[in-house]
Amino acid sequence: MKLVVEIVDAHDLMPRDGEGSASAFVEVDFGNQRSRTTTIPKNLNPVWNQKLLFNFDQAKNHHHQTIEVCVYHERRLIPSRTFLGRARIPCSAIVKKGEEVYQTFQLEKKRFFSSIKGVVGLKIYLSSETEQSSLAPSSSPPPPCNPPPSSKNITEPSSPAPSSSPSPPSSPPPSSKNKTKTSSRAPSSSLSPSRLPPSSKNRTLIHNPSISLPISEKPLSSISNISEVPVSSILYSSPSISQVATIERSNSPVPEAEYPAPEAESPVPEAESPCSSAEESEEEIKEPVEAQVEPNQPIYRHQVLHQPAISFNKGPQGIPSTMHQVNPNSHPSPQDDYTLKEMDPQLGERWPAGGVYGGRGWMSGERFATTYDLVEQMYYLYVRVVKAKDLPPGVLTGSCDPYVEVKLGNYKGRTKHFEKKMNPEWNQVFAFAKDQIQSSNLEVFVKDKEMVGRDDYLGRVVFDMNEVPTRVPPDSPLAPQWYKLEDRRGGGKVRGDIMLAVWLGTQADEAFPEAWHSEAASVHGEGISSIRSKVYVSPKLWYLRVNVIEAQDIQPNDRSRAPEVFVKAQVGNQVLRTKICPTPTTNPLWNEDMIFVAAEPFEEQLVLTVEDRVHPSKDDVLGRISMPLTVFEKRLDHRPVHSTWFNLERFGFGVLEADRRRELKFSSRIHVRVCLEGGYHVLDESTMYISDQRPTARQLWKQPIGILEVGILGAQGLLPMKMKDSRGCTDAYCVARFGQKWVRTRTILDTFNPKWNEQYTWEVYDPCTVITLGIFDNCHLGGAENKHGGAGAARDSRIGKVRIRLSSLESHRTYVHSYPLLVIQPTGLKKMGELQLAVRFTSLSLANMIYTYGHPLLPKMHYLHPLTVNQVDSLRYQAMNIVASRLGRAEPPLRKEVVEYMLDVDSHMWSMRRSKANFFRIMSLLSGVITMSRWFGNVCHWRNPITSVLVHILFLILISYPELILPTVFLYMFLIGIWNYRFRPRHPPHMDPKLSWAEAVQPDELDEEFDTFPTSRSQDRVYMRYDRLRSVAGRIQTVVGDLATQGERFQSLLSWRDPRATSLFIMFSLCAALVLYMTPFRAVALVAGLYMLRHPRFRSKLPSIPNNFFKRLPPRTDSLL
């Protein structure tokens, strides 16, 4: 059995040759077997594609063995090498041949303070076949046949990693300065020469035999690995080329106007697998396709061009192929696409000078409005259909079932119809987007709905677009007018009048949220309400504190035994219980607090039940009482609340009249103290991303300190989330949450680049808060839910989420950026698109802002009577359920999966990836302290004599003038802050994949992170994960034990565990006290400082006497079992 380690490539290596580059090679060590690749000179992103073989004994246990992959820089002049980083791969992650995948591993350091960066790409697998180590680069074989993706949830497939191929031919490679040509040419090119980009002097030929679909069936945009094969392997490849693309380097970009408008991409038919068409593609494509890239742009593994890609369909021979642009974001993005991008859209309130229709239609000149200055203006034609009167009755029925149809070009909107009503009232608004207007006339038809046959025509009104007035808020709404209905052929007036208002406006119009939009003309019925923009308000949440004090006259069902009583309290779905009274008695005493979450309006009741523990599996109900929450007192501070006695109702009692008489004579009762806490803030989200910190009671709210304005511009490059008409599509909407206010934009149908341009405003009460924005795919448009077996089965798919912390924003500055939507999936890190936002935080009072930074983060009740950690977690979970339930009852509902995703309901679940990220966050914090200690050690050892002399001088000055110590420290921090001002962040923080440890996560760790609770994985996999947790916990246990050992040694100084050591220490303490009493403190500090800073000539390499004495003190480890 052979262990195959295929070294594919590396990226972003540390330059080591002094010229900004490195000559890298890789050395692999497995079980004292070492092998290395060839050296790639002068390249920080080298590509090897070489296989290294090692002997692998299956009889041995290799689970605790690792494969060490080290990357070195080779020095040519002096035969030596420089360490560039290493990666350690556990042997437990090795798979068999055919199951291997391309993986990237973050390069690690050997020493803590070494400077290392970059990743290395590998394939590791076991092979029983005889393979040869490849020392030359080679192209990748065709990918394996995979089953077609499911039509329920279609996402962008990740491109396969490059692999090895047959060895190159013996012919030498052509020069890179000349154009590379193919060995055979087709009779006619598939592209017209006039349509090709201009040529340049430098061309590089790239091909990939793994592209196996015929061009007529699959566009080039769906080929995700066209550039994975390195250029060097192409130049050595076989002349038999199945797909060729020439990448030209030129300074002029490809003009987009040269190509036709984008067309919809046709998906791959399910019946045809990629592998089945490999032979067809090899015969059909013979001519290279030329495209152009900028010279400074590197070509990544997952990306060919930064310009829009060109797909083409091959027709019959002799007919030239057609080209069209495809979505450039359909390819997986390189790592630099994970960064925040600054935008410069045309924001503001100005209407454009002139317009499409001129005259009165679009306003000439400029005009300002008062809102919507953080979005791009979108112009709409609004038609308000108010009512009609005096409509003619039908000839046969004698009545009229009228409705109105508004037609503009190819777009039609219609109102609901009324049965047998001659004077109907609709009061409905229709909005037609300006860029979709295809006609100069607007037609409004009034029709009579018929049960059988075509609807009867009653009349119409025609408007000339050049005569439509313009309205911009804050103008008053346009007054509707009565219009006489005309005959269809313009033959004159007919019976009936209709009241209409027609105007041109923007999305700032008051009618915009409730209007019917031409962009959603394909949605009918109940789906219309689910695509409109809405503003929601979270329910007002209270903590309900129930203090169960005692009970009296509890009568058990079995009079022969003393009852073991406890109390169970229930509010809605929340159930808590007290402990069992330690003394079996009929008058039990508990004095325990139970806290619930309640929401206004109070719909639930508090139900108290007294139960007797008869058996560990059986409880008898002895009495109960139900009380509405409105009867309890609301308190705003920690003042005591009066307690109350309540009579208990006997469970199952009162059926017979004799029992009822006995019940009136005697009853058990319970003593409780119940109140609604208004001084707390009910947490319904994680404290790490809290958006509101105000207490429940409105009387305790402070004045707002600022205004937050967010313009949701749009999204770019979203991935298809579902199938529609045999193709992928996305119906996206955005949700934003800050404080109690939730907003939901309208749904833009069937586009990967939606444009919302909606602006919302929030009052800010604390700057140390976070606003969360998420994008979702709407699956409730009237047809998607039916395919899943009912409306309840459909769930809106998550696309991505963005968080912005307000304290990181400068006041009165507008931030316009495109935020990457990064999501962790079971397959790894994936970019789902980009969200374009404009954010502005306006401070209302600088004094209030300064006061807020000195104020407690939460209301004072959280500090006077704090809740336990378990109570906070449990109450947060209950609050999230209540918020999701109440918002799900709105119209349109904000569904439970949306609310849970926005509130991070699963943030407390275990994740090895998050644990690693938190560990390295701690290490990055401690690195500064460690760096200072190392610097001080270098000063003490005189590594830099000048620095040591200057530190001596500063030390003597501070000893002479000790009053300068604190001013010097604060002055030093002031200077550091002023110096770091130059390097302050210029944009808001965003999701960082490196900080989240998302780029180097292992597949099994991701599978564990997405596992259910309790687990649903196989027993062997659970055992493996349990063993891994045990190994990690063993290391933590060792560290904690070492800390405890040091503390116990310190305690042993005076505990007489070691009588001799304690005697020596107390005698030393006596002598030190006498010396320090008689010696000035400055002299002692001077001597101690000079002793610590002494020259290495006066130092010994052995540990010091205090260190030796301390390590000899006895800890309590010998008493551990």
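What you see is a predicted model, and the numbers here were worked out from it, not measured in a lab.

Caption draft 1: Spotlight on the pattern of salt bridges. For the structure on display, the rule yields 57 salt bridges. Note that Arg34 and Glu27 form a salt bridge whose closest N and O atoms lie 3.9 Å from each other. Put simply, Asp1004, Asp1007, Glu1008, Asp1011, Arg1017, Arg1021, Arg1025 and Arg1028 are held in one network by salt bridges that share partners.

Caption draft 2: Structural context of the sheet that holds strand 40 (residues 755-764). What the 5 strands build is an open sheet, ordered 15-43-44-35-40; its pairing is antiparallel. The outermost strands of the open sheet, each flanked by one partner alone, are strand 15 (341-342) and strand 40. Alignment of strand 35 (residues 706-716) against strand 40, held across 8 bridges, turns out to be antiparallel. Its bridge partner being in strand 40, Leu708 is matched across the sheet by Trp762.

Caption draft 3: Highlighting the pairing of strand 2 (residues 24-30). By the criterion of burial, strand 2 is predominantly enclosed, with 7 of the 7 residues buried. Both faces of strand 2 are covered, namely the face carrying Ala24, Val26, Val28 and Phe30 and the face carrying Phe25, Glu27 and Asp29. The pairing of strand 2 with strand 5 (residues 66-75) spans 6 bridges and is classified as antiparallel. Each bridged residue has a counterpart across the sheet, and for Val26 the counterpart in strand 5 is Val71. The antiparallel hairpin formed by strand 2 and strand 3 (residues 33-36) contains 2 residues in its connecting segment, where Gly31 sits at a positive phi of about 55°.

Caption draft 4: Inspection of the side chain of Asp796 at higher detail. On the secondary structure map, Asp796 appears in the loop between strand 41 (770-777) and strand 42 (797-805). Despite its burial, Asp796 remains without a salt bridge, the nearest opposite charge being carried by Arg895 at 4.4 Å. A polar contact is formed between the side chain of Asp796 and the side chain of Tyr733, at a distance of 2.6 Å. Only 3.0 Å separates the side chain of Asp796 from the backbone nitrogen of Cys779, close enough to count as a polar contact. What Asp796 contacts, discounting residues up to four positions off in sequence, is Tyr733, Asp777, Asn778, Cys779, His780, Arg895, Glu897 and Val898.

Caption draft 5: How the structure looks around the sheet that holds strand 38 (residues 732-738). Strand order in the open sheet formed by 5 strands is 25-39-38-41-42, and the pairing between neighbours is antiparallel. Each of the sheet's edge strands pairs with one partner strand only, and the pair in question is strand 25 (534-537) and strand 42. Mean inter-strand twist for the sheet, computed between neighbouring axes without regard to direction, equals 20°. Where strand 25 lies against strand 39 (residues 741-744), 4 bridges are found, and the strand directions are antiparallel. The residue bridging Lys534 from the neighbouring strand is Arg744, located in strand 39.

Caption draft 6: Spotlight on the environment of Arg1112. Tracing the chain through its elements places Arg1112 in the segment after helix 15 (1105-1111). You can call Arg1112 exposed: its relative accessible area is 71%. Here the alpha-carbon distance between Arg1112 and Ala1061, two residues 51 residues apart in the chain, equals 8.4 Å.

Caption draft 7: Structural detail: the packing of aromatic side chains. Going through the model one piece at a time under the given rule, you end up with 20 aromatic pairs. A ring pair is formed by Phe30 and Phe54, whose centres lie 6.4 Å apart and whose planes are at 70°; its orientation type is edge-to-face. Residue Phe30 is located in strand 2, and its partner Phe54 is located in strand 4 (residues 47-55); the two are separated by 24 residues in the primary sequence. Members of the aromatic cluster, connected to one another through ring pairs, are Tyr380, Tyr382, Trp503 and Phe512.

What counts, and where the lines are drawn
Residues numbered from 1 in each chain as written. Predicted model: local features only at pLDDT ≥ 70, side-chain atom pairs only at ≥ 80, totals over all residues. Heavy atoms only, no water. Salt bridge = Lys/Arg side-chain N within 4 Å of Asp/Glu carboxyl O. Pairing = 2+ DSSP bridges. Helix = DSSP H or I, 4+ residues; strand = E, 2+ residues; numbered from the N terminus. Buried < 20%, exposed > 50% of the residue type's maximum accessible area, 1.4 Å probe, protein only. Lys, Arg positive; Asp, Glu negative; His and termini not counted. Polar contact = N/O pair within 3.5 Å; in protein donor to acceptor, adjacent residues only side chain to side chain. Contact = heavy atoms within 4.5 Å. Axes fitted to C-alpha atoms, helices over the stretch in contact; angles between N-to-C directions. Phe/Tyr/Trp six-rings, centres within 6.5 Å; stacked < 30°, edge-to-face > 60°.

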